[in-house]
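Fold and geometry: a report
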Amino acid sequence: MQHRTNIRTVGVIGAGTMGSGIAQVFAQNGRKVLLYDALDGAVERAVGMIGKFLDKAVGKGKLEASAAEATKANIKPSALGDMSGVDLVVEAISEDPPIKHALLRELQKTVAEDVIFASNTSSISVSDLGRVSGRPDRFIGMHFFNPVPLMALVEVVVGLQTAEPVVETITALAKDLGKTPLRVKDHPGFVSNRILMPMINEAVLCYSDGVADGETIDGVMKLGMNHPMGPLALADLIGLDVCLFILEVLHRDLGEDRYRPTPLLRTMVRAGFLGRKSGKGFYDYDNK
Ligand code: CAA
């Protein structure tokens, strides 16, 4: 089936860290964004955070005040029922397959048939989500990286049934947002997390084995490998629960012992040490 190529209005579903970053990037690039989150107050929080980043950039002379105001005006807090007018849906809700499935079934009822659904999933099969969405040929992974406004990459994840013209539309769109799209196949962890998560897991194992303390492990990777942040600090940024979930997908779907989550990671998640978002992970954060 033909799909819509002129993308002026985007429905961003999920206003957490990733959804708010995605909304900001679309809005900064002239798109109207309808932003929805099932959690009360989440959209208002996201709009507040985006406003703060934009105001800070204006204060530092990095952004015109008029551009900041135009970006803010492009973001509209919305209900799920408002999505009938969008030209693209980008889903960025929690990495929970049944919740994603229920949302996609709901969206399928509201959103026009020719609209592409893109998912920011970091590890759930795009082919599976495509099947559930009822529009597998118009379903694709558009995997952004945290912090979205600063990171260059969009990993374009092509499902078994994704139509080639849909890949072309999303690739062109990512470029238009100032990002660099790189195309990968739908396979567990895609490329990004298949490589990143074993590194983070190994860093947690080094920490748990007492090879060195957290600052030293991170220091080795920053100073010796030129990584902008060490793997433990990065795990805190991503969320330890998200890292654990992705490792479980890799371990289960690829069936190799080398992806087995380090027990300490599981224990920390059970204790509620989720990284930055909970105020504690491998480091302590002041979340006030
Ligand atoms: N919007 C707008 N501006 C933002 C922003 C946002 N969301 N977040 C930060 N900024 C601004 C800051 O305010 C700051 O502005 P000033 O320079 O004017 O003060 C500027 O951007 C730079 O911020 P920092 O000082 O924090 O920048 P830094 O040089 O310390 O770099 C970093 C921060 C970009 C996060 C860098 O440490 C980095 O690249 N780390 C690695 C990140 C990474 O690997 N991310 C991928 C994670 S994996 C993932 O996301 C996908 C997955 O599936 C798990």
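Just above sits the structure.
Now for a quick tour of the structure. (Residues numbered from 1 in each chain as written. Predicted model: local features only at pLDDT ≥ 70, side-chain atom pairs only at ≥ 80, totals over all residues. Heavy atoms only, no water.)

Moving on: the packing of aromatic side chains. Across all of its chains, the model carries one aromatic pair by this definition. An angle of 85° between the planes, with centres 5.2 Å apart, marks the rings of Tyr207 and Phe282 as edge-to-face. Placement of Tyr207 in helix 7 (residues 192-208) and of Phe282 in the segment after helix 11 (263-270) is noted, with a sequence separation of 75 residues between them. Look at Tyr207 and you get partly exposed, because its relative accessible area is 32%. In this structure, Arg135 packs its charged tip against the face of Phe117, placed 4.1 Å from the ring centre. (Phe/Tyr/Trp six-rings, centres within 6.5 Å; stacked < 30°, edge-to-face > 60°. Helix = DSSP H or I, 4+ residues; strand = E, 2+ residues; numbered from the N terminus. Buried < 20%, exposed > 50% of the residue type's maximum accessible area, 1.4 Å probe, protein only. Lys NZ or Arg CZ within 6 Å of the ring centre and 35° of its normal.)

As a further point, take the environment of Val58. In this fold, Val58 is placed in helix 2 (residues 42-59). Among the residues examined, Val58 registers a relative accessible area of 26% and is labelled partly exposed. Spatially, the C-alpha atom of Val58 lies 7.3 Å from that of Ala68, the residues being ten residues apart in sequence. Not counting the four nearest positions on each side in its chain, Val58 is found in contact with Leu63, Glu64, Ala65 and Ala68. (Contact = heavy atoms within 4.5 Å.)

In this fold, Ser122 is placed in the loop between strand 5 (116-119) and helix 5 (126-133). Note on Ser122: relative accessible area 10%, which makes it buried. Contacts of Ser122, omitting those with residues within four sequence positions, involve Glu95, His143, Gly189, Phe190, Asn193, Val242 and Ile246.

Near the ligand, the surroundings consist of 19 residues, among which Lys56, Lys60, Lys62, His143 and Asn146 are the closest. At a separation of 3.3 Å, a nitrogen atom of the ligand approaches a polar side-chain atom of Gln24. A distance of 2.7 Å separates an oxygen atom of the ligand from a polar atom in the side chain of Lys62. Broken down by secondary-structure element, the contributors of at least two residues to the shell around the ligand are helix 2, helix 7 and helix 9 (231-238). (Near = heavy atom within 4 Å. Polar contact = N/O pair within 3.5 Å; in protein donor to acceptor, adjacent residues only side chain to side chain.)

What follows concerns the pairing of strand 1 (residues 9-13). Counted residue by residue, strand 1 has five buried out of five residues, so it is predominantly covered. The two faces of strand 1 match: Thr9, Gly11 and Ile13 on one face and Val10 and Val12 on the other face are all buried. Pairing geometry for strand 1 and strand 2 (residues 32-36), over five bridges, is parallel. Note that in strand 2 the partner of Ile13 across the bridge is Tyr36. Crossover handedness for the path strand 1 to helix 1 (residues 17-28) to strand 2: right-handed. Across four bridges, the pairing between strand 1 and strand 4 (residues 88-91) is parallel. When the sheet's bridge partners are listed, Val12 is paired in strand 4 with Val90. (Pairing = 2+ DSSP bridges. Right-handed = clockwise from strand over helix to strand, strands pointing away.)

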